4 protein chains.
Amino acid sequence: MELGLVGLGKMGGNMRERIRRGGHTVIGYDRNPEVADVRSLEELVSKLTGGPRVVWVMVPAGEATQSTVDELAGLLSPGDIVVDGGNSRWTDDEKHAEELAAHGIGFVDCGVSGGVWGLEYGYALMYGGDAEHVARVQPVFDALKPEGSFGAVHAGRVGAGHFAKMVHNGIEYAMMQAFAEGWELLEAADSVTDVREVFRSWQEGTVIRSWLLDLAVNALDDDEHLAGLRGVAADSGEGRWTVEAAIDSGVPLPAITASLFARFTSQQEDSPQMKMVAALRNQFGGHAVEGSK
Amino acid sequence: MELGLVGLGKMGGNMRERIRRGGHTVIGYDRNPEVADVRSLEELVSKLTGGPRVVWVMVPAGEATQSTVDELAGLLSPGDIVVDGGNSRWTDDEKHAEELAAHGIGFVDCGVSGGVWGLEYGYALMYGGDAEHVARVQPVFDALKPEGSFGAVHAGRVGAGHFAKMVHNGIEYAMMQAFAEGWELLEAADSVTDVREVFRSWQEGTVIRSWLLDLAVNALDDDEHLAGLRGVAADSGEGRWTVEAAIDSGVPLPAITASLFARFTSQQEDSPQMKMVAALRNQFGGHAVEGSK
Amino acid sequence: MELGLVGLGKMGGNMRERIRRGGHTVIGYDRNPEVADVRSLEELVSKLTGGPRVVWVMVPAGEATQSTVDELAGLLSPGDIVVDGGNSRWTDDEKHAEELAAHGIGFVDCGVSGGVWGLEYGYALMYGGDAEHVARVQPVFDALKPEGSFGAVHAGRVGAGHFAKMVHNGIEYAMMQAFAEGWELLEAADSVTDVREVFRSWQEGTVIRSWLLDLAVNALDDDEHLAGLRGVAADSGEGRWTVEAAIDSGVPLPAITASLFARFTSQQEDSPQMKMVAALRNQFGGHAVEGSK
Amino acid sequence: MELGLVGLGKMGGNMRERIRRGGHTVIGYDRNPEVADVRSLEELVSKLTGGPRVVWVMVPAGEATQSTVDELAGLLSPGDIVVDGGNSRWTDDEKHAEELAAHGIGFVDCGVSGGVWGLEYGYALMYGGDAEHVARVQPVFDALKPEGSFGAVHAGRVGAGHFAKMVHNGIEYAMMQAFAEGWELLEAADSVTDVREVFRSWQEGTVIRSWLLDLAVNALDDDEHLAGLRGVAADSGEGRWTVEAAIDSGVPLPAITASLFARFTSQQEDSPQMKMVAALRNQFGGHAVEGSK
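All of these numbers come straight from a predicted model, not from anything done at the bench.

The rules behind the values
- Residues numbered from 1 in each chain as written.
- Chains lettered and ligands numbered in written order.
- Predicted model: local features only at pLDDT ≥ 70, side-chain atom pairs only at ≥ 80, totals over all residues.
- Heavy atoms only, no water.
- UniProt positions renumbered as here; feature names shortened; annotations may be inferred.
- Helix = DSSP H or I, 4+ residues; strand = E, 2+ residues; numbered from the N terminus.
- Contact = heavy atoms within 4.5 Å.
- Phe/Tyr/Trp six-rings, centres within 6.5 Å; stacked < 30°, edge-to-face > 60°.
- Buried < 20%, exposed > 50% of the residue type's maximum accessible area, 1.4 Å probe, protein only.
- Polar contact = N/O pair within 3.5 Å; in protein donor to acceptor, adjacent residues only side chain to side chain.
- Nonpolar A, V, L, I, M, F, W, Y, C, P; charged D, E, K, R; others polar.
- Buried area = accessible area lost by both parts, 1.4 Å probe.
- Salt bridge = Lys/Arg side-chain N within 4 Å of Asp/Glu carboxyl O.
- Pairing = 2+ DSSP bridges.
- Axes fitted to C-alpha atoms, helices over the stretch in contact; angles between N-to-C directions.
- Expected span 1.5 Å × (residues − 1).
- Parallel < 35°, antiparallel > 145°, perpendicular 65-115°, else oblique.
- Least-squares fit on C-alpha atoms with pLDDT ≥ 70 in both.

### Quick notes on the UniProt feature "active site" (unreviewed entry) in chain A
Residue and element names in this part refer to chain A.
- UniProt records the feature "active site" (unreviewed entry) for K165 in the present numbering.
- Mapped onto the secondary structure, K165 falls in helix α7 (residues 160–188).
- Those residues within four positions of K165 in sequence are excluded, and the remaining contacts are N87, G111, V112, S113, M126 and E238.

Below, the structure is given as structure tokens:
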């Protein structure tokens, strides 16, 4: 089939390649003319000639996605479909669906996982929307997903794709934190003399064998004690949104939230709250405090 | 080689079978005569005739292990080796090693992971002790471990095996909690209509693919909404010891500890601390409280 | 001065009384005619005749507050002032301020603490808005606040009052949780035979002496082991909003969030996430699970 | 009455003064001859001539306390009493009681709170032991405690005093963390222009009014944004022991433990676990990491 693809960055560029390998025609647009197949969204739409069009949006969440959806609402025709494959907040999806529906245009939201490994191994896809809209995009989903039985799911109605991807990332936060905590504790143990080999051994036969564990071993093979890194971990929107969604629903997420907060703390040069704790200790106990001077 | 194996329960029984499949001679003792090869520890020791003996202890941590070590200290000879493959606290290992060393007997501690799947796929093994002692047990380790390059590690000196296994279990706690939190949040979402299929799809191409995820899908295939279970999760010693070890070392373990505390809470019929919170709300705000009557 | 007061529930009714004791004229409106001084907002506005009017809104946050603000925007005149003393989310304040400013009407947001004790001891007040608007309401603030130097603050611009009150409540959550955790641990200790007397003794000379501790002692005097309560604690919007505000700002709030999640858990009949943990334990270890049958 | 007091540091020295003001005779021993009344424990014991002796030990927990108890066991006579007023772990108390009981000497453990303010306002005391032993020390407790009805409690049998004091400190950790988190969130809010005045206002009429809040205001009066401090907070044994006691009893302590872990993190130059999280992000996503070079 024919697909318009908007956004050819690290993710979009590789996805274009994998879809083409699947035998489909992809016309890609990007603000960067060096990677784009066409010069404008208008040109992209005009080149999609094989019947009702499908345009996949793969640009940053928020304003960039919103303005692309707005523009496509004006360029596309009734019966066409827009897929938002970016990292949009699930609460944006219904808004986009309604806006496009007013023009007779269908909407599917799709969470995409796979990072830099997706081109080779396939992308995990979680999508939401009406069955008829999803069916139209199915050939592209099939091209993108990993080989085998898994890796793609129609999770529910509009918004379900991004919601499921968001929860995936929330789980990922806590799994990464789990390995990180365990690693720090092993490194602190006197008796354990080869933490890297312990991690390596866990790759088979254990309850915790997983792709993240494999990656941890790779990282330790590169730098046994991670001496070349600083303990600073960024967070993306999905981790924050996961906790917000949980609060909305009254669902307790202690491990995922602890993982998010550990990243927040890591991002601070100095901790205001621990200044206050130090100040209080000083007030009541005359405990020594460390001054910044 | 020849091995004495003390304790033929769910774990020990299967391990005897796997070691025998590896071509070794195992003489097993258990208090239950129906599964035992010999009637007593004394008889077990007397049957090990091929030079310096190796006796693997696979009984419950604490008193049972202690009394077995005590008895073996009296029965074995200098140059023999005792392996503690049970779930002993790492702090017991040094004590056992010293006690046996006073008799000229070597000691190796070994954490074993694998559960009911170990007989078929092999057991992950983490062991600690002197290189010469470990070398003597190596053929047994090789028979027990999974095929391939991974699954067994000499983690460090005496105590390192149980310590590494304990940390493995701590990581396991947080990984299980991660999937559990994500599952609850998905089940609470209006838009997501098929949570089980979302979990199933994650088995390939995602960052969180793992054996625990596979098991979660198995569990959901048995009972899609886990309606037949109560939300009560037991905890074993390892989770608690992991947190205690972290406190000893001043290492923060927020996600693992959150996972342990979630289990504690699940084990309570009613929460004393939340009674106090309810009582305080009532005191200052005249908020309605739920009485138990 | 003259004040219009909309909402005469548990809080509003007592506040009317305290403002009147301060020598001011209060005309109160409530949907419940038994407590109202006037029959409608229109009548309330018409009775305020002493120059530019001040109307204090004390109704539930969300729709009720929004519709009251909307109606007042149509009834009041340029130069009048609306105070929102309810538990509105701080993000609503700027919206209300803009809407009223379009009519030349000023806006002040005010967080009010004090519960059922406020009539007697005074209400703690945190307000936000332009200095000139705040100055107009000051006599009412002075009547409501406790005697002495503390209890009222102009926290900043519009929204700052509700924000400060929200943070107050977040701190309150964690303080209540602190006492609740400590109480449960003492109740679980074999050696401590009189937990209530331990709490009572802490009321002087300790670092943790506080009004909440006094209330805890009151609660234990009513019911020494809180046997008549169930461990279920409701949560109000402020606790949730505090965590959301922190996430927006990248501020870690581990203790406050733990306190919120403890309440969430207490509100569940059974814990879905712990069902999943139990199911996973069963999958890999053949651990017994508690069935609901 | 007559009291022997061992340890005249910051705490012990002030306590000697307050007991003397209460009309009692105190003979104090310290390794530092400048503050001591006698040259040795032997001399101290010999100076206590008014019948059965009471010796209060106020030295660091662990080895110093153990060796003092050992020495006193040899110097004192049947019917004498030792009080351990230091910060001993509650698990040491039973051991000390048994050791002294073998010599016919009684034992009382006593947790003392009050810090640098105790001399003036009195010390909060929590003690454990047999009623007859406690009764013998009662005049000293009465002299040390604050005026009024509160501040001293016979918490239970031997060990209960230190246990109660330990829990007090655990609660203190979470209360300090609560104020610290709230303060950081207010400081991060755009709308709130005077955080210090918000804190000051809370000192009356609020649910969170407390001595720690008063101290926080003092600290902010000294340094409005705590700019002169580093965000590093030490932890003492009691916080760690509180969590360990909870783990022993299966009691969840999420807020107190979060407070302890926040201190652990604050003590680290760089966070090993966050290096691992950063490394994993880099592995799967090609996310930029901050190198230490």
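### Points about the packing of aromatic side chains
Residue and element names in this part refer to chain C.
- Per the counting criterion, the structure on display carries 32 aromatic pairs over all chains.
- Judged by centre distance (3.7 Å) and plane angle (0°), the ring pair of Y127 and F141 falls under stacked. With Y127 in strand β6 (residues 124–128) and F141 in helix α6 (residues 131–144), the pair connects residues that are 14 residues apart, well separated along the chain.
- When its relative accessible area of 4% is taken as the criterion, Y127 is described as buried.

### Re the interface of chain B and chain A
- Counting residues at the interface gives 66 residues for chain B and 66 residues for chain A.
- Between chain B and chain A we count 14 residue pairs in polar contact (both at pLDDT 80 or more) in total.
- Mapped by element, the contributors of at least two residues to the side of chain B that touches chain A are β6 (124–128), β7 (152–156), α7 (160–188), α8 (195–201), α9 (211–222), α10 (237–249) and α11 (254–266) of chain B.
- Here the side of chain B that touches chain A gets 18 residues from one element, more than from any other, and that element is α7 of chain B.
- Looking at the side of chain B that touches chain A, its residues break down into 37 nonpolar, 19 polar and 10 charged.

### Brief notes about the interface of chain D and chain C
- Across the boundary between the two partners, chain D contributes 66 residues, which contact 66 residues of chain C.
- Regarding the contact of chain D and chain C, the summed buried area is about 5600 Å², with carbon and sulfur atoms giving 73% of it.
- Contact with chain C buries surface across chain D, with F150, L185 and V207 of chain D losing the most and accounting together for 13% of the total.
- Put simply, chain D and chain C have zero salt bridges between them.
- Looking at the side of chain D that touches chain C, the elements with two or more residues in it are β6 (124–128), β7 (152–156), α7 (160–188), α8 (195–201), α9 (211–222), α10 (237–249) and α11 (254–266) of chain D.

### Structural notes on the environment of L212 of chain D
- Considering the arrangement of structural elements, one finds L212 of chain D in helix α9.
- In this structure the C-alpha to C-alpha distance between L212 of chain D and M175 of chain D, which are 37 residues apart in sequence, comes to 7.9 Å.
- With sequence-adjacent residues up to four places away left out, L212 of chain D is seen in contact with L280 and F284 of chain A, V207 of chain C together with E172, M175, M176 and F179 of chain D.

### Thoughts on the sheet that holds strand β4 (residues 81–84) of chain B
Residue and element names in this part refer to chain B.
- Strands sit in the order β2-β1-β3-β4-β5-β6-β7 across an open sheet of seven strands; the sheet is mixed. Sheet topology places β2 (25–29) and β7 at the edges, where each strand pairs with a single neighbour. On average, each strand axis in the sheet is inclined to that of its neighbour by 25°, with strand direction left out of account.
- In this sheet, strand β5 (residues 106–113) lies alongside β4 in parallel orientation, the contact comprising four bridges. In the sheet register, I81 faces β5, and the bridge partner there is G106.
- The strands touched by helix α6 (residues 131–144) within the sheet are β1 (2–6), β3 (54–57), β4, β5, β6 and β7, with β5 carrying the most contacts at an inclination of about 30°.
- Strand contacts of α7: β4, β5, β6 and β7, with the helix running at about 15° to β5, the strand carrying the most contacts.

### Section: the sheet that holds strand β1 (residues 2–6) of chain C
Residue and element names in this part refer to chain C.
- The mixed open sheet is built from seven strands, whose spatial order is β2-β1-β3-β4-β5-β6-β7. At either end of the open sheet lies a strand with only one pairing partner, and these are β2 (25–29) and β7 (152–156). When the angles between neighbouring strand axes are averaged without regard to direction, this sheet yields 25°.

### Here we look at α7 of chain B
- For α7 of chain B, which comprises 29 residues, the first-to-last C-alpha distance of 42 Å matches the rise-based estimate of 42 Å (1.5 Å per residue) to within 8%.
- Burial analysis of α7 of chain B places 27 of its 29 residues in the buried class, the great majority of the element.

### Describing the packing of helix α12 (residues 272–285) of chain A against α9 of chain D
- Orientation of α12 of chain A relative to α9 of chain D, taken along the N-to-C sense of each, is 105°, at an axis distance of 9 Å. Here α12 of chain A lies roughly perpendicular to α9 of chain D, going by the angle between them. The residues of α9 of chain D that touch α12 of chain A, namely those facing M276, A279, L280, Q283 and F284 of chain A, are W211, L212, L215, A216, N218, A219, L220 and D222 of chain D.
- Here the contact of α12 of chain A with α9 of chain D is built from residues that sort into 10 nonpolar, two polar and one charged.

### With respect to the relation of the copies chain D and chain C
- Of the transformation superimposing chain D on chain C, the axial component is 0.0 Å and the angular component is 180°, with the fit at an RMSD of 0.0 Å. These values place the two chain copies in the arrangement generated by a two-fold rotation axis.
- When the interface residues of chain D are mapped onto chain C, 100% of them are again interface residues, pointing to one common binding face.

### A short note on the relation of the copies chain B and chain A
- The two copies are related by a screw motion: chain B maps onto chain A through a turn of 180° and a shift of 0.0 Å along the axis, at an RMSD of 0.0 Å.
- Residue by residue, 100% of the interface of chain B is reproduced at the interface of chain A, so both copies engage with the same surface.

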